[in-house]
Amino acid sequence: MKKNALFLLLFPSFFLLSCKLKSNNPLPEKEKVKGGHPEWIMQGNIYEVNTRQYTPEGTFNAFATHLDRLKEMGVQTVWFMPINPISKKDRKGTLGSYYAVADYTGINPEYGTLEDWKSLVKKIHEKNMKVLIDWVPNHTGADHPWLQTHPDFFVKDSTGQAATMFDWTDTRVLDFKNNVMQDSMIAAMKYWVTETGIDGFRVDVAWNVPGEFWKKCIPQLKTVKNDLFFLAEGDKAYLMTSGFDAFYPWEMFHMMVKVAAGDRPAFALDSIKTKYDTTYPKEAIPMYFTSNHDENSWNKSDFATFPGPSHAPFAVFTQTMGGTVPLVYSGQEEPLLRPLPFFEKDSLIFKKLERAKFYTTLQKLRTSNPALAADASFRKIKAGDDKAIYAYVREKSGKKILVILNLSKKEQGITISDKTLLGNPYNVFMGTTEPLGDSEWKIQPWGYVIYEYKE
């Protein structure tokens, strides 16, 4: 994007018109909100669905056949990548980018109909699971109707045309100093809550939408449904003071990749956690992950960034670390060992499900034990060579979990000196209680152990 357009996008003034959207559909009863967050997310997890690639059909109805399997795997919240129609103008590849939205209140016909979507949401809710949709407020596709009906909704480049960002030539950047555009954006977001009953939004490029908009948008949406969850694709602290519940911890992810490659010691993770603890509000929730649609398609995660046996301890880290809500991307349970193309069809095949039991154990433990809740305490402990061993204790409501990770390709010695951790805890992955004393024992390369202390 041109420099003048970038300046306008980053330094606007803001005014917000109130907007109301009539709904003929009754909303579900509002749930309790805890510490500013929906209570249902505190021991929850997120599973990202790439509808296009999930099945050969690439439809909502075809995806629905996987719901029982995902429920059994312990999935609690299902996040769908954008479900809107994709612009045809300047389209990339054959099918285009999911994030070049042609209609904010429309359904991508490749996926099915609005009735298909409503049916899918209903089925997910019947299984006591939650639904997030991907929202793209920073830009529209290159043939979005607003470009004709409201050209003033868009940032202009030096030629007076609607601007683009980076190499996203299939999109056009929205101007958040325009009051009517803000009103229209909020109304479109309300539509999906009132008409289809979703439970929240993952917001694309949230880092380039000013905080003043979110401070007005999110409260308006929560007057419609109090326990909505908002996940920001971004790692700027202002997002967490603007109404979002969770953020993308990119710095932690990149450090994890370096540790997995042997470029940094395990204790390097501490510096990132300290930064989050001191920079972000106490209640901010990082969404830890080993892969997502961007990292898989463009950077070969997790099969190249956390290859072979190194995947497991880092996956345990994402699922059990302090403060987090963990993410699993489509196909990681298989596992997915290739990058899915972003603009073409390449169906996932679920056949081996080699990691399904592994993820089931982690996700059901999180759901059942409050010691892994996002607001449970975290305490790092010394259990071995801190260049390789990363160990910590989580506690809440009288429950306690000990996690020991070998983030190296060499066998390591483990010694537990904290007397409060000795005894006969339950080894979660082995499924048995075992004695834990203060004498040294060995943990295999890329090994992991979770001990649950039961009453």
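Our structure's up above, just so we're on the same page.
The structure reproduced in this document is the subject of the present report. Nothing here was measured: the structure is a model prediction, and the numbers come from that model. (Residues numbered from 1 in each chain as written. Predicted model: local features only at pLDDT ≥ 70, side-chain atom pairs only at ≥ 80, totals over all residues. Heavy atoms only, no water.)

**Re the pairing of strand S3 (residues 46–49)**
In plain terms, the rule: Only protein chains enter the accessibility calculation, which uses a 1.4 Å probe; a residue whose area is less than 20% of its type maximum is buried, one above 50% is exposed, and one in between is partly exposed. Strands are runs of DSSP state E lasting at least two residues, helices are runs of H or I lasting at least four, and both sets are numbered from the N terminus onward. Here the rule is simple: two strands pair whenever DSSP picks up at least two bridges between them.
Of the two faces of S3, both are covered, the one formed by Ile46 and Glu48 as well as the one formed by Tyr47 and Val49. Pairing of S3 with strand S4 (residues 77–80) involves 4 bridges; the strand directions are parallel. Residue pairing in the sheet places Ile46 in a bridge with Thr77 of S4. Where S3 and strand S12 (residues 327–329) come together, 3 bridges link them in parallel fashion. By the bridge assignment for S12, Glu48 is matched with Tyr329.

**Things to note about the side chain of Thr55**
Using the following cut-off: In this analysis, two residues are considered to be in contact whenever any of their non-hydrogen atoms come within 4.5 Å of each other.
Within the fold, Thr55 resides in the loop between helix H2 (51–54) and helix H3 (60–64). Among the residues examined, Thr55 registers a relative accessible area of 3% and is labelled buried. For Thr55, the residues in contact, after removing those within four places along its chain, are Ala62, Phe63, His66, Lys345 and Ser347.

**Some remarks on the packing of aromatic side chains**
Convention followed: Stacked, edge-to-face and tilted are the three classes for Phe, Tyr and Trp ring pairs, Trp counted by its six-membered ring, which pair at centre distances within 6.5 Å; planes under 30 degrees apart are stacked, over 60 edge-to-face, the rest tilted. Charge over a ring is defined by NZ of Lys or CZ of Arg lying within 6 Å of the ring centre and within 35 degrees of the ring normal.
Within this structure, the stated rule accounts for 45 aromatic pairs. Ring geometry for Tyr104 and Trp135: centres 5.1 Å apart, planes at 25°, overall stacked. One end of the pair, Tyr104, is in the loop between S4 and helix H5 (114–126); the other, Trp135, is in strand S5 (residues 130–135), with 31 residues separating them in the sequence. We classify Trp135 as buried; its relative accessible area is 1%. A ring pair is formed by Phe230 and Phe244, whose centres lie 6.4 Å apart and whose planes are at 85°; its orientation type is edge-to-face. Within this pair, whereas Phe230 is found in strand S9 (residues 229–232), its partner Phe244 is found in the loop between helix H9 (237–240) and strand S10 (246–247), the two being separated by 14 residues in sequence. Considered together, Phe230 and Phe244 belong to a single accessibility category, that of buried residues. An aromatic cluster is present here, built from Tyr104, Trp135, Trp146, Phe153, Phe176, Phe201, Phe213, Trp214, Phe230 and Phe244 joined pairwise through their rings. The lysine or arginine in question, Arg69, covers the ring of Phe350, its NZ or CZ lying 4.4 Å from the ring centre. Above the plane of the ring of Tyr453 lies Lys400, whose end atom (NZ or CZ) is 4.9 Å from the centre.

**Points about the sheet that holds strand S15 (residues 399–406)**
Test applied: Convention adopted: a line fitted to C-alpha atoms gives each axis, helices being fitted over their contacting stretch, and angles between N-to-C directions are expressed from 0 to 180 degrees.
A sheet is described by the order of its strands in space; here 6 strands give the open sequence S13-S14-S15-S20-S17-S18, paired in antiparallel fashion. Two strands bound the open sheet, and with one partner strand each, they are strand S13 (377–381) and strand S18 (432–433). On the sheet, helix H13 (residues 311–320) packs against strand S14 (389–396), S15 and strand S20 (448–453) and is oriented at approximately 150° with respect to S15.

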